[in-house]
Amino acid sequence: RIRVYVRIRPLSESEIRSDSANVMTKEDDRTIAMAADASTGAEARAWEFDKIFCGTSEDGNTQEAIFKDTSLLITSAIDGFNVCIFAYGQTGSGKTYTMFGGSGESDESQNGLATRVASELFSKLRERESSCHVEVDVSMLELHNDKLCDL
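Residues numbered from 1 in each chain as written. Predicted model: local features only at pLDDT ≥ 70, side-chain atom pairs only at ≥ 80, totals over all residues. Heavy atoms only, no water.

Q: Residues and numbers for the overall build of the protein, please.
A: From N to C terminus, the protein includes 5 helices and 7 strands. For the protein, long-range pairs separated by at least 24 residues make up 40% of all intrachain contacts whose partners lie at least 6 apart in sequence. Element-wise, carbon and sulfur atoms account for 50% of the exposed surface of the protein, whose accessible area totals about 11400 Å². With 16 positive and 26 negative side-chain charges, the protein shows a separation of 2 Å between the mean positions of the two kinds. (Helix = DSSP H or I, 4+ residues; strand = E, 2+ residues; numbered from the N terminus. Contact = heavy atoms within 4.5 Å. Areas by Shrake-Rupley, 256 points an atom, 1.4 Å probe, with all protein chains shown as cover. Lys, Arg positive; Asp, Glu negative; His and termini not counted. Charge placed at Lys NZ, Arg CZ, Asp CG, Glu CD.)

Structure (structure tokens):
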């Protein structure tokens, strides 16, 4: 089953200083709405997803919350299913932060999905290593400007 999660990053300090506004709002845990734009004539629209993370850490938009919601994928991988976590968005939208965390952060609460998933995966595999043979294959790819790079 494919699950689609959306994470809306909070406005940056420079966006706040320039009086920018969020055009996307979280209606509920599954619905996101885009405000109408009078300058372009775009009408308000809404979309539904499996889960939406929006706002600040006080609103529950944390690295830990995202990991907790996606951590069941680790069990699926251990059980032999193929698993893919795919981050998509425009430059500056928070893909790298979500996947890897902040650069140079020593605060483990800022670790991204990749770090947390790898740690949890190997921890769970160590629990099973006495009862079965374990082999792990991992691929990390980047698709940028229609070019696929094996990381």
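What follows continues from the structure just given.
Q: Describe the side chain of threonine 98, with residues and values.
A: With respect to the helices and strands, threonine 98 occurs in helix H4 (residues 95–100). Only 3.0 Å separates the side chain of threonine 98 from the side chain of arginine 7, close enough to count as a polar contact. Those residues within four positions of threonine 98 in sequence are excluded, and the remaining contacts are Arg7, Gln63, Gly112 and Leu113. (Polar contact = N/O pair within 3.5 Å; in protein donor to acceptor, adjacent residues only side chain to side chain.)

Q: For the pairing of strand E1 (residues 5–8), give the residues involved together with the corresponding values.
A: Only one face of E1 is buried: it carries Val6 and Ile8, and the other face, with Tyr5 and Arg7, is open. Summarising the sheet, E1 and strand E5 (residues 51–54) pair through 4 bridges and their orientation is parallel. Of the residues in E5, the one forming a bridge with valine 6 is isoleucine 52. (Buried < 20%, exposed > 50% of the residue type's maximum accessible area, 1.4 Å probe, protein only. Pairing = 2+ DSSP bridges.)

Q: I'd like a description of unusual backbone geometry, backed by residues and values.
A: Positive phi values are uncommon outside glycine, yet aspartate 19 reaches one of about 60°. Within the secondary structure, aspartate 19 sits in the loop between helix H1 (13–17) and strand E2 (24–26). For aspartate 19, a relative accessible area of 67% gives the class exposed. Positive phi values are uncommon outside glycine, yet asparagine 145 reaches one of about 50°. Mapped onto the elements of the fold, asparagine 145 is located in the loop between strand E6 (141–144) and strand E7 (147–150).

Q: An account of the sheet that holds strand E4 (residues 45–48) is requested, with residue identities and associated values reported.
A: By definition, the strands of a sheet pair up through backbone hydrogen bonds, in either a parallel or an antiparallel sense. As summarised here, the arrangement of the 3 strands in space is E2-E3-E4, forming an open sheet in which the pairing is antiparallel. Looking at which strands have only one partner, the edges of the open sheet turn out to be E2 and E4. For this sheet, the mean angle separating the axes of adjacent strands, direction not counted, is 25°. With 3 bridges connecting them, E2 and strand E3 (residues 31–34) associate as antiparallel partners. Bridged to threonine 25 within E3 is alanine 33. (Axes fitted to C-alpha atoms, helices over the stretch in contact; angles between N-to-C directions.)

Q: Any details on the nonpolar core? Residues and values, ideally.
A: Counting 9 residues, the largest nonpolar core is built from Phe53, Ile66, Phe67, Ile74, Ile78, Met99, Leu113, Leu121 and Leu125. Put simply, the parts of the chain that give this core at least two residues each are helix H2 (63–70), helix H3 (72–78) and helix H5 (113–128). Broken down by element, this core gets its largest block of residues, 3 residues, from H5. In this view, methionine 99 contacts Ile85, Ala87, Gly112, Leu113, Ala114 and Thr115; residues no more than four positions away in its chain are not counted. Ile8, Ile32, Ile52 and Cys54 belong to the second-largest nonpolar core, a separate cluster that totals 5 residues. (Core = buried A, V, L, I, M, F, W, Y, C linked by side-chain atoms within 4.5 Å.)

Q: Please provide a residue-by-residue account of the packing of aromatic side chains, values included.
A: In total, this model carries 2 aromatic pairs according to the counting rule given. Between tyrosine 5 and phenylalanine 53 the ring centres are 6.3 Å apart and the planes differ by 80°, which places this aromatic pair in the edge-to-face class. In this pair, tyrosine 5 sits in strand E1 while phenylalanine 53 sits in strand E5, placing the two residues 48 residues apart along the sequence. Considering the side-chain rings of phenylalanine 86 and tyrosine 88, the 6.4 Å spacing of their centres and the 10° angle between planes classify their relative orientation as stacked. Owing to a relative accessible area of 73%, tyrosine 88 belongs among the exposed residues under this scheme. The ring of phenylalanine 53 has lysine 51 lying over it, and the distance from NZ or CZ to the ring centre is 5.6 Å. (Phe/Tyr/Trp six-rings, centres within 6.5 Å; stacked < 30°, edge-to-face > 60°. Lys NZ or Arg CZ within 6 Å of the ring centre and 35° of its normal.)

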